[in-house]
Amino acid sequence: MAQMIDITINGKPVQVIQGSFLLGAVRSAGFDVPTLCHHKDLTPNGTCRLCLSEIELKGRKRLVTACNYPVREPLCVSTTAEPVVKHRKMLAQMYLGRWPNVPAIQNIAEQCGVTDGSRFKSELTEENPKACILCGHCTRACEEFTLERVLDFAGRGIKRHLTMAFGEPDSHCIGCTSCAYVCPTGAISVVDALNNPKDPVKIRNAGMRVNAEMATLDQSQCRMRDVGTANIVDVMNRYDLLPVHNYRFGSHEEAFKIDSKVLKSRFAQGAADGCWLGCSMACAKTVDHFELQTGPYKGHKVCVDGPEYETAAASSNMGCFDADFLFEFNFYCDTYGVDTISVGTCMAFVMEAFEAGVITEKHTGGLKLPFGACDEVLEILHQMARGEGFGVDVGKGIRWLKNKWAKEYGADADYLRDIGMELKGLEYSEYVSKESLAQQGGYALATKGPQHDEAWLIFMDMVNKQLPTFEDKAEALYYFPLWRTWFGLNGLCKLIWNDVVPADNSKKHKPQDAAKIPDHVRGYFEFFEGMTGTALDETRMLEQSARVYNFQRCISRMLGFGTRKDDIPPYRSMGPVTVEEYESRAERYDAQLKDQVGVDPTGKNTAEKVRLLRAFREGQYQKLVDVVYKRRGWTSNGVPKIERLKELGIDLPEIVEMVKNDQE
Amino acid sequence: MSNHNLKPIDKSDLEKIAARVREGFGRYKAMIMVCTGTGCVAAKGFDIRDKMTSEIEKHGLQNEYLVVSTGCNGFCAAGPLAVLQPSGVFYQKLKAKDVEEIVEKHLQGGQVVTRLLYTDPVTEKTHEKMEDIPFFTKQQLVALRNKGLIDPENIEHYIARGGYTALRKVLSDNDPEKAIDEVLASGLRGRGGGGFPTGLKWRSGRKAAKERGEPIYVVCNADEGDPGAFMDRSIVETDPHSVLEGMLIGAFAVGSHEGFVYIRKEYPLALVRLERALEQARTMGLLGKNILGMGFDFDIEVHRGAGAFVCGESSALMASMAGKPGEPRAKYVHNVEYGYRDKPTILNNVETWANVPVIFEKGSKWFASIGTGDVSKGPWNGNSGTKVFSLVGRVNHTGLVEVPMGMTLREIIFDIGGGIPDGRSFKAVQTGGPSGGCLPESCLDLKVDFDSLTEAGSMMGSGGMIVMDDRSCIVDVARYFINFLTDESCGKCTPCREGLFALNRTLTKICDGQGTPDDLAFLEELSQTVAAASLCQLGASAPNPVLSALRYFKAEFEAHINDKRCPAGVCKPLIQYGITDACTGCVVCAKRCPTQAITGEKKAKHAISSEKCIKCGVCLEVCKFDAVEVK
Ligand SMILES: Cc1cc2nc3c(=O)[nH]c(=O)nc-3n(C[C@H](O)[C@H](O)[C@H](O)COP(=O)(O)O)c2cc1C
Ligand code: SF4
Ligand code: FES
């Protein structure tokens, strides 16, 4: 909890957060000091000195600049003390003498009660009303908004001036316009020459809000700039949601070996590595100069593009808590063009089957494959790429393996269905959804299979607790897949929507709305309008998406998926399959039996408790599916109703054809 | 010496090495310590050394005399120089041919060459031994304890003088907190200018590192950007290991394993000696892992600064070390907590570090007993130890002097410095470098320590001391320093950038005879704002030359402004040259005048045409009869 400090400002007692800058306190107490170099979204640099205030600390008076003075202990502040006013006037004269016609300066002079700067008139006096006044907003915006250092000052003392390197146009400038946006005088102007958007200013305003949030909030939120999505490893492990040993468990004592701290120490730092030029989040990370230990590039030093959270979690799912393995795995998956999630989840399944004795070294070509078998995982990956050995089987995925092992090795098909984490033929992505009904739906109801691109609800459900009721969860499964589809429709990244949130988001909105992050949704709408000239609201956005979403579901139906049976997940994603799993979290499950299922667990053996819990959870899931289908305008078998297609204006004959036989 | 002979040592080896080296020295009749500090080297000090060596060999005396190149002896005014040890015979202003005479007459013949001895220009007494020369008698050498006695490029010389035993003591006590207590009790305050109690700084750094579980760095500030100052350079050139040992002790006390020396690139000789010292220390296991076999790891890396004055400021220095522009940042967040790489960082000045080993060798009590102040009343009350000054300007004995804190300006300037040359009178002394203040005659009995200098409107700074005689114009001097500071201001904050520029303009205007009466109030007011509102200490102290000049020499400003007159005869637009009756008509001035402004018959009084005169002052300089006057 932030500690509060009692201070007085001009005699008025106020409380401020320890370590916060004095200027905020001054302003919220209803006083003001002139500021020129201060900008609300930039790190204060304390260079104009106009915010000078007098503080009294332990009986000693001194002058400080309010904008960057951190309040650490009780003190008395005066913003109007005689020396302060005197020095401010002198500073205002300096400014007015040098840049007499700049409105921002005239404004400051007026605030300080200064009308004449003639004592500072010199050969350097600049009459231009749009002159650069050296406030440094632009240089900080360049660095803090966009992680570039294209602009900076050169020249010592009075020769200080703004420049790009060597005084030449710098090709690293990406044209993000941040500098012009924050310039208080108009010294930097923008020439719009790209894409002919309808309203560039609107787009810039929306974009700059994102930049400002990245610069000011990311550091205390997800630290996407520092560690990218790797920050999630720590959170998931803490909340028992990190997949461990094929989703049996949600945390592991060795997770620290691949957490964000370790990854940060290996990530190249300080360079913007975004998917697009000018992305102020730039969450893509790389491990540079990594020396490979296996495979065709053994001994080469390479740049590993990642790892992202999912890859790190895939590693944990395989029980491989080793950063060097993780990098090597990441590199070869990328190089071979296979998905780290699919390989990871599939290998985790293979490993569980191996440990359970479903398959043995006989089937794996002599490889021992318990959890944590890092070298063997890499070997299988190389086999997969070479089209040799057991790697070929693994490369075909869980659905294929389940079939083969049941058919050819006589394995228990039900057991394999419970633990084989795939649906619609796609491997699960890396979150343990057992305790989150919303995420179970998010995965299993997703059109193209259990990835979380469509409905990443685990965080809002389990960490932020924004979906407390059954109805909230069902509604989330209506809204979020459509909202997330909308990003895809417009080719926009969704990370800046929810990997940084406005500081007051959860204060301003009730939880279910807060989960939508309304201020950010509005930002996207403004961007859309600035680009196209068409205004957008939630209803119209949902409509745009719903057309595509329902169309996709129809196609899925046509391809032989897209009905209720395809939306029922393996039980591992819903609850503990095995006795061991149950017992590892017995307290939690026992409590649930008592509170939610209404049976007293005492005296019952674990197998029975597993069965009782399972019956309850599967029932809950079916109920959820009923409500969601209804909300989406689908039949109880999960097929879009023709009237829904009509409503959306996509009841074209070809589409109707796909679903007409499934209508109720 | 080559490093090949060096090998890793452990804690029991120091005495053995010392004994061996001393015994080696003892085999010679005398050692000839030839100064190879920057000052003497500039006057061909290396030639003297080489000549000395070859002459000795020529006379077959190489087994009786050993030539040692030392760092700066301090008495630069007398360079190039050589001192015979242990006798202390002091030869000065040597030329190569003098060396032959010394070898022949003195080394071979046993007769001191009187001609090459030092004669005091004031008392006109000739002194044979260094210790009798007034320049040296009142000095007390602590930081410069090995000055002129060792070869700075030979680590064994340092060890022979007891070097690295303080480190061993601290390591074997193995109690960092106690080591910090010792430094606190010594009353040592930062010699880089701020006078911050060193022990306090170490304690906060250690605490910050511990609390946050972060590494801590120690840094030596060898930027020394003040014009005219060369204390730090001399220490590094004379006795680099004293600095390294100080840093090692400091590192152990605060828990650091990585240190840096930030040194300006313009100090090539210091750089070479520093690098060599590091190399030798590393070879002997005095840096690196498991130092002296006592389980402590520490190493030092050199960072070269590009020579901006502001880069000596702590936060700018750390920015510069990190490869960013050398600009200061607000000090509300302290470097001891968030310094280099945002980690706790202990920055101390060269001289501060050099003092540290002595404190452990001789005890904090001994150290505290030197100087003024009373550290037992609190860390800020101490003014212990000595301070090194570079004494320059209009003073007879320019050079490097080290005196106990609390010595008066008069003693330093007149007793050690030998007073003002050419029979002129003392006018002012600028202490504390460019942003110090000009103190007048009435301040001569001021005790020189951190606090009294500040009170008088100047400061200790890093120890620059520039003496001025009655031919210096105080307005011009203030303008000179403000001009320097205007150039060296980093320009980041407004009061320093715009304010110094305006101060400079106004002072220039006054020197040009364009001053108006309200300029004085403006200078005063503006100086106050620059001092109070600037971001870093450069700006905060920059107005000192103006404020102190106004405080002590207001009348001189008024003469410039109201009477359009420069009493010292310096400000060209305000003066005219004339020729008095003392003129003998020697025509030297007429010949030298670049604009032929001087006319006159041979052996008759000359005259200067004020239209043609460009006030270059050549006539004044060349006239042997003091017949040129400034009006
Ligand atoms: C403009 C400016 C220049 C400075 N230059 C130096 C310098 O050249 N050497 C130095 O040791 N300290 C210099 N300092 C002081 C340092 O900021 C710092 O206080 C000092 O190095 C700390 O060491 P100390 O406590 O041992 O004195 C300078 C300070 C300012 C404001
Ligand atoms: S006071 Fe001068 S040197 Fe210091 S930050 Fe300001 S402009 Fe730079
Ligand atoms: S607003 Fe410029 S220094 Fe504080």
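What you see is a predicted model; the values in this text were computed from it and never measured.

1. Things to note about the site of ligand 2
Then, in step 1: Taken together, the neighbourhood of ligand 2 is formed by 13 residues, with Cys490, Gly491, Cys493, Cys496 and Cys536 of chain B sitting nearest.
Then, in step 2: Within the shell around ligand 2, the residues separate by chemical class into eight nonpolar, four polar and one charged.

2. Looking at helix 23 (residues 554-562) of chain B
Residue and element names in this part refer to chain B.
Then, in step 1: Buried residues of helix 23: Glu556, Phe557, Ala559, His560 and Ile561, and no others.
Then, in step 2: Looking at the buried positions of helix 23, the neighbouring elements they touch are strand 16 (426-431), helix 18 (474-488), helix 19 (494-511), helix 20 (518-533) and helix 22 (544-552).
Then, in step 3: One or two residues past the end of helix 23 sits Lys564, with phi positive at roughly 50°.

3. Notes on the site of ligand 1
All names here are of chain B.
Then, in step 1: Around ligand 1, 19 residues are found, and the nearest of them are Gly192, Glu224, Asn348, Asn349 and Thr352.
Then, in step 2: One nitrogen or oxygen atom from the main chain of Gly192 is found 2.6 Å from an oxygen atom belonging to ligand 1.
Then, in step 3: At 3.5 Å, a backbone N or O of Gly225 approaches an oxygen atom of ligand 1.
Then, in step 4: Relative to its unbound accessible area of 600 Å², ligand 1 is 90% covered by the protein chains.

4. Some details on the nonpolar core
Then, in step 1: Counting residues in each nonpolar core, the largest one holds 120 residues, and the members touching the most others are Phe329, Met347, Trp405, Leu457, Phe480 and Trp483 of chain A.
Then, in step 2: Counting residues in each nonpolar core, the second largest holds 92 residues, with Met321, Val475, Ala478 and Phe484 of chain B among its members.

5. A look at the sheet that holds strand 18 (residues 464-469) of chain B
Residues and elements named next belong to chain B.
Then, in step 1: Strand order in this open sheet of five strands is 15-14-18-16-17, and the pairing throughout is mixed. This sheet does not close on itself; its edge strands, each paired only once, are strand 15 (399-404) and strand 17 (437-440). In this sheet, adjacent strand axes meet at a mean angle of 30° when their direction is disregarded.
Then, in step 2: Bridging between strand 16 and strand 18 involves five bridges; their strand directions are antiparallel. Across the sheet, the residue bridging to Ala428 is Met468, located in strand 18.
Then, in step 3: In the packing of helix 22 onto the sheet, contacts are made with strand 16 and strand 17, and the angle to strand 17 comes to roughly 25°.

6. What about unusual backbone geometry?
Then, in step 1: Cis rather than trans, the peptide bond between Gly79 of chain B and Pro80 of chain B has omega equal to -10°.
Then, in step 2: Within the element layout of this structure, Pro80 of chain B appears in the loop between strand 2 (65-70) and strand 3 (82-85).
Then, in step 3: Positive phi is not limited to glycine here, since Lys58 of chain A has a value of about 50°.
Then, in step 4: Tracing the backbone through its elements, the reader meets Lys58 of chain A in the loop between strand 3 (52-57) and strand 4 (60-65).
Then, in step 5: On the basis of relative accessible area, Lys58 of chain A is assigned to the exposed category, the value being 73%.

7. Details of the interface of chain A and chain B
Then, in step 1: Each partner contributes residues to the interface: chain A has 36 residues there, and chain B has 31 residues.
Then, in step 2: Interface area, chain A with chain B, both sides summed: about 2,800 Å², of which 56% is carbon and sulfur.
Then, in step 3: For the pair chain A and chain B, the number of links is five salt bridges.
Then, in step 4: Counting the contacts that link chain A with chain B gives 17 residue pairs in polar contact (both at pLDDT 80 or more).
Then, in step 5: The element contributing the most residues to the side of chain A that touches chain B is helix 2 (residues 82-98) of chain A, with seven residues.
Then, in step 6: Residues of the side of chain A that touches chain B, tallied by class, amount to 15 nonpolar, nine polar and twelve charged.

8. Re the domain arrangement of chain B
Residue and element names in this part refer to chain B.
Then, in step 1: Domain annotation of chain B identifies domain 1 (13-133), domain 2 (155-379), domain 3 (385-472), domain 4 (475-562) and domain 5 (576-630).
Then, in step 2: Here the C-alpha centroids of domain 1 and domain 2 sit 32 Å apart.
Then, in step 3: Facing the 19 residues of domain 1 at the interface are 16 residues of domain 2.
Then, in step 4: For the pair domain 1 and domain 2, the two sides together bury roughly 1,300 Å², of which 61% comes from carbon and sulfur.
Then, in step 5: In terms of surface lost to domain 2, no three residues of domain 1 exceed Leu14, Ile17 and Thr38, which account for 38% of the buried area on that side.
Then, in step 6: Linking domain 1 with domain 2 are two salt bridges, by the criterion used here.
Then, in step 7: Measuring nitrogen to oxygen at the nearest pair gives 3.1 Å for the salt bridge that ties Arg20 to Glu156.

Conventions we followed
- Residues numbered from 1 in each chain as written.
- Chains lettered and ligands numbered in written order.
- Predicted model: local features only at pLDDT ≥ 70, side-chain atom pairs only at ≥ 80, totals over all residues.
- Heavy atoms only, no water.
- Near = heavy atom within 4 Å.
- Nonpolar A, V, L, I, M, F, W, Y, C, P; charged D, E, K, R; others polar.
- Buried < 20%, exposed > 50% of the residue type's maximum accessible area, 1.4 Å probe, protein only.
- Helix = DSSP H or I, 4+ residues; strand = E, 2+ residues; numbered from the N terminus.
- Contact = heavy atoms within 4.5 Å.
- Polar contact = N/O pair within 3.5 Å; in protein donor to acceptor, adjacent residues only side chain to side chain.
- Areas by Shrake-Rupley, 256 points an atom, 1.4 Å probe, with all protein chains shown as cover.
- Core = buried A, V, L, I, M, F, W, Y, C linked by side-chain atoms within 4.5 Å.
- Pairing = 2+ DSSP bridges.
- Axes fitted to C-alpha atoms, helices over the stretch in contact; angles between N-to-C directions.
- Buried area = accessible area lost by both parts, 1.4 Å probe.
- Salt bridge = Lys/Arg side-chain N within 4 Å of Asp/Glu carboxyl O.
- Domains from an automatic or database assignment.

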